[in-house]
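Reading the structure
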Amino acid sequence: MTQPNNLPDDADAAPVPYFRHDGSHYVPTEFARGGWGPSISGHVVGGILGWALERAVDDPELHPARLSVDLPAPTGLEPVKVRTKVHHDRRRLRLVEAVLTQHGETVARASAMFLRRGTQPDGKVWSQPVQMPPLPIPLDGASPTLFLRTYGWGGELQNPDPDWDTAGPKYTWLHETRPLIDGEPLSAFTRTAMCADVTAAIANWGSEALQFINVDYTMTLSRLPEGPHIGLAALTHYSADGIANGCAVIADHKGPVGTAVSVSIAHAGFRPPPIASAG
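Residue numbers here run from 1 along each chain, matching the order of that chain's written sequence. Residues qualify for local features only when their pLDDT is at least 70, as the model is predicted, and side-chain atom pairs are given and counted only at 80 or more; totals for whole chains, interfaces and linings, by contrast, use all residues. Side-chain figures throughout are based on the complete set of non-hydrogen atoms in the structure, without hydrogens or water.

**Points about the overall build of the protein chain**
In this description a helix means any DSSP run of H or I spanning at least four residues, a strand means any run of E spanning at least two, and both kinds are numbered starting from the N terminus. When you go through the protein chain residue by residue, the secondary structure sums to three helices and eleven strands. The order of helices and strands in the protein chain, counted from the N terminus, is β-β-α-β-β-β-β-β-α-α-β-β-β-β. Note on classification: 1.4 Å probe, protein chains only; a residue is buried when its accessible area is under 20% of the maximum for its type, exposed when over 50%, partly exposed between these limits. For the protein chain, the residues scored as buried account for 48% of the 279 residues in total. For the protein chain, restricting intrachain contacts to residue pairs at least 6 apart in sequence, the fraction spanning at least 24 positions comes to 68%. When the accessible surface of the protein chain is summed, it comes to about 13,800 Å², and 53% of that surface belongs to carbon and sulfur atoms. Note on contacts: a residue pair is in contact if any heavy atoms of the two residues lie within 4.5 Å. To measure how exposed things are, a 1.4 Å probe is used in the Shrake-Rupley method; for residues, cover is taken only from the protein chains shown.

**As for the pairing of strand β10 (residues 243-252)**
Counting buried positions along β10 gives seven out of ten residues, so the element sits mostly inside the fold. DSSP bridges decide pairing: two strands pair if at least two such bridges lie between them. Taken together, the nine bridges between strand β9 (residues 229-240) and β10 define a ladder with antiparallel strand orientation. Looking at the pairing, Gly231 lines up with Ala251 of β10. The antiparallel hairpin formed by β9 and β10 contains two residues in its connecting segment, where Asp241 sits at a positive phi of about 55°. Relative to strand β11 (residues 255-266), β10 runs antiparallel, the two being bridged by ten bridges. Looking at β11, one finds that Ala244 is bridged to Ser264.

**Here we look at the pattern of salt bridges**
Just to be clear on terms, a salt bridge is a Lys or Arg side-chain nitrogen sitting within 4 Å of an Asp or Glu carboxyl oxygen. As enumerated under the stated definition, the model contains six salt bridges in all. Between Asp58 and Arg94 there is a salt bridge, with the nearest N and O atoms lying 3.7 Å from each other. Taken as a pair, Asp58 in the loop between α1 (42-55) and β3 (62-70) and Arg94 in strand β5 (residues 93-102) lie far apart in primary sequence, 36 residues in all. Given the relative accessible area of 66%, Asp58 is considered exposed. Taking the relative accessible area as the measure of exposure, Arg94 reaches 11% and is therefore buried. Among the salt bridges present, the one from Glu97 reaches Arg109, with a minimum N-O distance of 3.0 Å.

**Digging into the nonpolar core**
Core analysis: the biggest nonpolar cluster contains 54 residues, and Phe19, Ile48, Leu49, Leu67, Leu100, Leu180 and Met219 have the highest contact counts within it. Ignoring any residue separated from it by four or fewer positions in sequence, one finds Leu67 in contact with Leu53, Ala110, Ser111, Ala112, Phe189, Ala193, Tyr217, Thr218 and Met219. One finds Met132, Trp173, Ala233 and Ala251 within the second-largest nonpolar core, a separate group that totals five residues. We define the nonpolar core as a collection of buried residues of types Ala, Val, Leu, Ile, Met, Phe, Trp, Tyr and Cys that are connected through side-chain atoms lying within 4.5 Å of one another.

**Observations regarding a nonpolar patch on the surface**
What goes into a patch is any residue over 30% in relative accessible area without a salt bridge, connected to like charges within 9 Å or, for nonpolar side chains (Val, Leu, Ile, Met, Phe, Trp, Tyr), within 5 Å. A surface patch of nonpolar side chains, amounting to about 300 Å² of accessible area, comprises Val215, Ile243, Val263 and Ile265. Tracing the backbone shows Val215 in strand β8 (residues 212-221). Exposure remark for Val215: the relative accessible area of 34% places this residue in the partly exposed category.

**Concerning the confidence of the model for the protein chain**
Here pLDDT means the predictor's own confidence in every residue, given as a number from 0 to 100. With 81% of its residues at a pLDDT of 70 or more, the protein chain has an overall mean of 85. Throughout residues 1-8 the model reports pLDDT below 50, and contacts reaching past four residues in sequence, or to other chains, amount to 26 contacts. Note on residues 140-162: pLDDT under 50 across the span, and 82 contacts to partners over four residues away in sequence or across chains.

**Some details on the side chain of Thr192**
Here Thr192 is to be found in helix α2 (residues 188-196). We classify Thr192 as buried; its relative accessible area is 0%. The term polar contact refers here to a pair of N or O atoms within 3.5 Å; inside protein, the definition further demands a hydrogen-donor-capable atom paired with an acceptor-capable atom, and it admits residues adjacent in sequence only when both atoms are side-chain atoms. A polar atom in the side chain of Thr192 sits 2.7 Å from the backbone oxygen of Ala188. Those residues within four positions of Thr192 in sequence are excluded, and the remaining contacts are Met219, Leu221, Pro225, Ile230 and Ile250.

**Quick look at the sheet that holds strand β4 (residues 81-89)**
Within a sheet, neighbouring strands are paired by backbone hydrogen bonds and run either parallel or antiparallel to one another. Across the sheet, which stays open at both edges, the nine strands sit in the order β4-β5-β6-β3-β8-β11-β10-β9-β7 with antiparallel pairing between neighbours. The sheet is open, and its two edges are formed by β4 and β7 (171-175), each paired on a single side. Direction aside, the axes of adjacent strands within the sheet are offset by 25° on average. Across the face of the sheet, α1 comes into contact with β3, β4, β5, β6 (105-116) and β8 while running at roughly 50° to β6. An axis is simply a line fitted to the C-alpha atoms; with a helix, the fit covers only the stretch in contact. Between two such axes, the angle follows the N-to-C directions and lies from 0 to 180 degrees. Strand contacts of α2: β3, β7, β8, β9, β10 and β11, with the helix running at about 145° to β8, the strand carrying the most contacts.

This is the structure:
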């Protein structure tokens, strides 16, 4: 198994972030590289867009109910700019857009719908039950880790079943331990925005490994996840003529909190990023 670059940078040092803030730009570090070549990982792109969208809303009673991220072009390992715009601001909702640019060109964009929290209606509504595996145990070298850890890029991922059938159901817990920007702690929304990008991987990974690259993903949240671990349980994969879509349940230690769906196109050449040097 390929060793990931998500191991501690130094036993006594804080993890290197994915970006460093430099004036109006955000400069990616070597840890921001993804598995599809010399470009920034989709989960890092989604993370900075989600981070910017959340910062554009100053009302704590507005909940980020939906995030949609478009990844139409590779984001180079170069400085990026991000800007936001509020499109609708009403009593019970706010719609915000974020755009990521390099050299004046748009490389990714996202929108988020924020809804005002209110009274929960009475009654019960049926939903597909999901049984996540146990939360990961501490990494002590005694337990195997699943292949997803090779492209976790800063996360702690484990699977309790070392004989996992890659053509069967897929579940994973993600624990993002690397800051997104400088030493700023990850918010629950930004953490989930980063983890939701992995939906394309677990939904599309089959007997011949990963043969699809995602071009967008959308996550929905009824509430913000609690704790550092974000769970994904793949539910569907449908594909034809090289076009795929898949969805997953998003969960925390208390249970499901939302869903994620990804649209992908056939593409070969996925390789986990090499181990980045400490620093």
